[in-house]
Amino acid sequence: MRVIHTDTIISNIKEMCIEANYNLSKDMENAIVNAPEKEKSPIGKQILEQLKENINIAREELIPICQDTGMAIVFMKIGQDVHIEGMNLENAINEGIRQGYEEGYLRKSVVKDPIIRENTKDNTPGIIHYEIVSGENIEITVAPKGFGSENMSRVYMLKPADGIEGVKVAVLETVKLAGPNACPPMVVGVGIGGSFEKCTLLAKKALTRNLQQRSSIPYVKELEEELLETINKLGIGPAGLGGRMTALGVNVETYPTHIAGLPVAINICCHVNRHSHRIL
């Protein structure tokens, strides 16, 4: 049995929030850096070069990559041989978010009530997902997810007969409707299977997967590659001003489902696909 104190969790989540504000993960940065050579549109190339410059300025001058620092999405994989000491775990996670947003000067965008709309002034509470796994470590992923692209996301409750072609139609329809509003070049996370809520969680988790890591399931790998190619033929382009680089990547996650359904969720993220990952 390994003991981890909540003070350690708080400090790591704080650091991860701040880190994600100024630095993109290597896979995201590489995708943007390499994007201009794949773009044929002159204005598209110009925009992509500006995004590259923006990444460097953010890192060197500690300025947010984007002003929308979103809601803090936290995935916690907790080893069953871990004992957590200290304060309540959920309170600790939110304390880490609070400190990160305060000390890192991230924009506070969370409201206490969806209708009354009073700002919490510290960007808490976060959206927290727990998973109990084997081992004695805690694996944390923090993803400050901007809401412009979040608003462009959709859920489809397809019929089993719609099959993989129905999935493709749903993804392409979502991307077309998003257009420039999702701040392309975008990353498209797709969740297939499970239930109404499970497919959305799969889509969200898909956005945190390394863009260079394709699915180990052959048909899913083919689907990811086909969707990326098709999306980049839509002509939306960087900033929605036309061109080839509409999407930097498409990640698909699947889960068993009921014989009567085919749930599909598409969670879109802009080119500032912030996420930080640590193992304690």
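Please refer to the structure placed before this passage.
Residues numbered from 1 in each chain as written. Predicted model: local features only at pLDDT ≥ 70, side-chain atom pairs only at ≥ 80, totals over all residues. Heavy atoms only, no water.

> Mind showing me how you'd approach helix H1 (residues 6-22) here?
Along an α-helix, a turn takes 3.6 residues, which lines up residues three or four apart on a common side. Its 17 residues place the ends of H1 25 Å apart at the C-alpha level, agreeing with the 24 Å of an ideal helix rising 1.5 Å per residue. Turning to H1, its buried residues number three or more, namely Thr6, Ile9, Ile10, Asn12, Ile13, Lys14, Met16, Cys17, Ala20, Asn21 and Tyr22. Looking at the buried positions of H1, the neighbouring elements they touch are strand S1 (2-5), helix H3 (42-61), strand S3 (82-85), helix H4 (89-103), strand S5 (138-145) and strand S10 (276-279). (Helix = DSSP H or I, 4+ residues; strand = E, 2+ residues; numbered from the N terminus. Expected span 1.5 Å × (residues − 1). Buried < 20%, exposed > 50% of the residue type's maximum accessible area, 1.4 Å probe, protein only. Contact = heavy atoms within 4.5 Å.)

> Would you mind showing me how to read empty space enclosed by the protein here?
With a probe scaled to a water molecule rolled over the atoms, the places where space remains empty come into view. Taken as a whole and assessed by the stated rule, the structure comprises one cavity of 30 Å³ or more. Considered as a void within the structure, the largest cavity measures approximately 40 Å³ in volume. Together, Ala143, Lys145, Lys204, Leu207, Thr208, Asn273 and Arg274 line the largest cavity. Of all elements in the fold, only S5 and helix H7 (196-207) reach the threshold of two or more residues within the lining of the largest cavity. The class makeup of the residues in the lining of the largest cavity is two nonpolar, two polar and three charged. (1 Å grid on protein atoms, 1.4 Å probe; cavity = no way out; pocket = protein on both sides within 12 Å on 5 of 7 lines; lining within 4 Å. Points joined across faces, edges and corners; volume = space filled by probe spheres on them. Nonpolar A, V, L, I, M, F, W, Y, C, P; charged D, E, K, R; others polar.)

> Sorry if this is basic, but what is going on with the layout of surface pockets here?
One number sums up the size of the largest pocket: a volume of about 420 Å³. Secondary-structure elements contributing two or more residues to the lining of the largest pocket are strand S2 (71-79), S5, H7 and S10. Broken down by class, the residue content of the lining of the largest pocket amounts to two nonpolar, seven polar and eight charged.

> Sorry, what's going on with the pairing of S2 here?
Two faces make up the sheet, and in a regular strand the side chains alternate between them. In terms of burial, S2 is largely enclosed, as eight of its nine residues are buried. With eight bridges connecting them, S2 and S5 associate as antiparallel partners. Of the residues in S5, the one forming a bridge with methionine 71 is lysine 145. The pairing of S2 with strand S4 (residues 127-133) spans seven bridges and is parallel. Bridge pairing in S4 links isoleucine 78 to isoleucine 132. (Pairing = 2+ DSSP bridges.)

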